[in-house]
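Listed below are the residues making up each chain.
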Amino acid sequence: DATLTQGWQRVRASAVDAVKSPWVWGPLAGAAVLQVDSWDEDVADWASDETPIFGAPEDADDWSDALRTASVVGYAASVLATPSGDLGGDWLLAKAQGAAVGAGAFAFTGGVTSGLKSLTSRERPDGSDDDSFPSGHASTAAVFDTLTARNLQSIDVSPAMRTTLEIGAGAMTAGTAWARVEAGRHYPSDVLVGIALGNFMGAFFTEAFLGLEPGARFSLSAAPTREGAVLS
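Residues numbered from 1 in each chain as written. Predicted model: local features only at pLDDT ≥ 70, side-chain atom pairs only at ≥ 80, totals over all residues. Heavy atoms only, no water.

Among the nonpolar cores identified, the biggest contains 15 residues, and V143, L147, F204, F205 and F209 are the most heavily contacted of them. Looking at this core, the elements with two or more residues in it are α4 (57-81), α5 (89-120), α6 (136-152) and α8 (188-209). With seven residues, the single largest contributor to this core is α8. When residues no more than four places from it in sequence are discounted, the contact partners of V143 are A105, F106, T109, G198, M201 and G202. Within the second largest apolar cluster, six residues are counted, among which are A138, A177, V181 and V191. (Core = buried A, V, L, I, M, F, W, Y, C linked by side-chain atoms within 4.5 Å. Buried < 20%, exposed > 50% of the residue type's maximum accessible area, 1.4 Å probe, protein only. Helix = DSSP H or I, 4+ residues; strand = E, 2+ residues; numbered from the N terminus. Contact = heavy atoms within 4.5 Å.)

This is how it looks when you write it as structure tokens:
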């Protein structure tokens, strides 16, 4: 159901809905809190010195690349698994349209990430260059993992399996981001803003151009019964 003619009202509603996501404002709030005193720098120094998860900065750097790649592969698999009708020309067209939306989300994420890097010129913790803010690895993993999570809503799997896969996608984003901090390539606020950016783009492009209603992923209703009430 991909389309580029959703109309301004739909695009605006999708943007507002994406901003309201806790996976967007939550990381941004965390990045803001880290600006108190020197917490951002202190956490970055501790992570690259102790490397509690990946063992060494070099290993963390390798893991960040591997996890980012896994996010891309996971998204590609979700595109293939999403129902698109019977095999044939229409199926291929549907897959191409869906993949084009994902490619657009990735392209915009990369463009905004590069623009912010040039605008801020923040030096990396390891002093290698001034492209620290925001993290491109984190924004890339986040946009693909968000696109994957949205695709999972249309795939016929059990709720438990869907939840497990969604958690796995989120874990790849978190792992990619933290690996960049342990590698000494980014401050925590860099990766948090990258996560927020990627999550926003993934949510926005899905709702604006893939036919999903903004805010329609979750609803709550209550009905009275003789024993009390049922919450659904």
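Moving on: the packing of aromatic side chains. One pass over the structure, following the stated rule, counts nine aromatic pairs. On the numbers, 5.4 Å between centres and 40 degrees between planes, the contact of Y75 with F144 is tilted. With Y75 in helix α4 and F144 in helix α6, this pair connects stretches of sequence that are 69 residues apart. For Y75, a relative accessible area of 9% corresponds to the buried category. By the ring-pair criterion, three or more aromatic residues cluster together here, those being F108, F200, F204, F205 and F209. (Phe/Tyr/Trp six-rings, centres within 6.5 Å; stacked < 30°, edge-to-face > 60°.)

In this section: the layout of surface pockets. Roughly 570 Å³ of internal volume is contained in the largest pocket. Counting only elements with at least two residues in the lining of the largest pocket, the list comes to α1 (8-20), α2 (22-33), α6, α7 (159-182) and α8. Examining the composition of the lining of the largest pocket, we find that six residues originate from one element, α7, more than from any other. Of the residues belonging to the lining of the largest pocket, the class tally is 10 nonpolar, six polar and six charged. (1 Å grid on protein atoms, 1.4 Å probe; cavity = no way out; pocket = protein on both sides within 12 Å on 5 of 7 lines; lining within 4 Å. Points joined across faces, edges and corners; volume = space filled by probe spheres on them. Nonpolar A, V, L, I, M, F, W, Y, C, P; charged D, E, K, R; others polar.)

Cis geometry is adopted by the peptide bond preceding P134, which originates at F133 and carries an omega value of -10 degrees. Mapped onto the secondary structure, P134 falls in the loop between α5 and α6. Even without glycine at this site, T51 takes up a positive phi of about 40 degrees. Counting through the fold element by element, T51 comes out in the loop between α3 (39-50) and α4. For T51, a relative accessible area of 7% translates into the label buried. Here S121, not a glycine, exhibits a phi torsion of approximately 50 degrees, which is positive. With respect to the helices and strands, the residue S121 is situated in the loop between α5 and α6.

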